[in-house]
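A look at the structure
Below are the chains, spelled out letter by letter.
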Amino acid sequence: MSSHPELPADAEGPVTTTVTRRVKPGHEAAYEAFLANISGAAAAFPGYLGEQVFRPAGGQGGEYRIVYRFDSAAHLQAWLDSAERAAWLQQAEPHVAGPMRTQVLTGLEGWFTLPTQPGTPPPPPYKMAILTWVTIFPLITLVVVVSAPLLGGLPLVVRLGVTTLATVALMIWVVMPRVTRLLHRWLYPDPGRRR
């Protein structure tokens, strides 16, 4: 079975891939060491934007979900095809049970990485659109108001560049991870609770 997720041929811009592995009971410390090492290897590759690890909720063994972000499909593909990644994955094998499951996200759904259940689809597009607008409108307003005294004398394009860079960074690494956790019941309703 291939350890590669399938990359969309027309992917543009940042790409997110998720990796889910079940760790054998008693092997958590070894798997945590593996995660630290493979993270360092990934960070050395061009286009690496960061990662987030979702650990199992208590107990021994369980599923880890790691979300990697790269700035382009080409840079992600270089990491996926690398000998370094293959070597690290081989070292993880004694500590995991079952196959590695992967998924590639190329749009806004990459912001919605909360579910710990592998294969859970992203929320419906209308929910992603509503939550993105409700989050980005006050955030960009705040960034513009706070930065106005500092950037007021700069040309408009430079001001827009700085404010959008700050807004995107805050959305990706600060705001959306917290908002998706806060609203996880709305984004990912439990089918059993509807009855």
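Refer to the structure printed above.
To keep things clear, this report deals only with the structure shown in the data block.

Conventions we followed
Residues numbered from 1 in each chain as written. Predicted model: local features only at pLDDT ≥ 70, side-chain atom pairs only at ≥ 80, totals over all residues. Heavy atoms only, no water. Helix = DSSP H or I, 4+ residues; strand = E, 2+ residues; numbered from the N terminus. Buried < 20%, exposed > 50% of the residue type's maximum accessible area, 1.4 Å probe, protein only. Contact = heavy atoms within 4.5 Å. Phe/Tyr/Trp six-rings, centres within 6.5 Å; stacked < 30°, edge-to-face > 60°.

**A closer look at the environment of tyrosine 31**
- Note on placement: tyrosine 31 falls in helix H1 (residues 28-43).
- Note on tyrosine 31: relative accessible area 2%, which makes it buried.
- Placed 33 residues apart in sequence, tyrosine 31 and tyrosine 64 show a C-alpha to C-alpha distance of 9.4 Å.
- Excluding its chain neighbours within four sequence positions, the residues that come into contact with tyrosine 31 are Arg21, Val23, Tyr64, Ile66, Ala92 and Val96.

**Some details on the packing of aromatic side chains**
- For the structure shown, the criterion picks out 5 aromatic pairs.
- Their ring planes at 40 degrees and their centres at 5.1 Å tell us that tyrosine 31 and phenylalanine 34 sit as a pair that is tilted. Separated by 3 residues within a single helix, tyrosine 31 and phenylalanine 34 lie in helix H1, roughly one turn from each other. Just as tyrosine 31 is buried, phenylalanine 34 falls in that class too.
- Following the ring pairs from residue to residue traces out a cluster consisting of Tyr31, Phe34 and Tyr64.

Nothing here speaks to function; it is geometry throughout.
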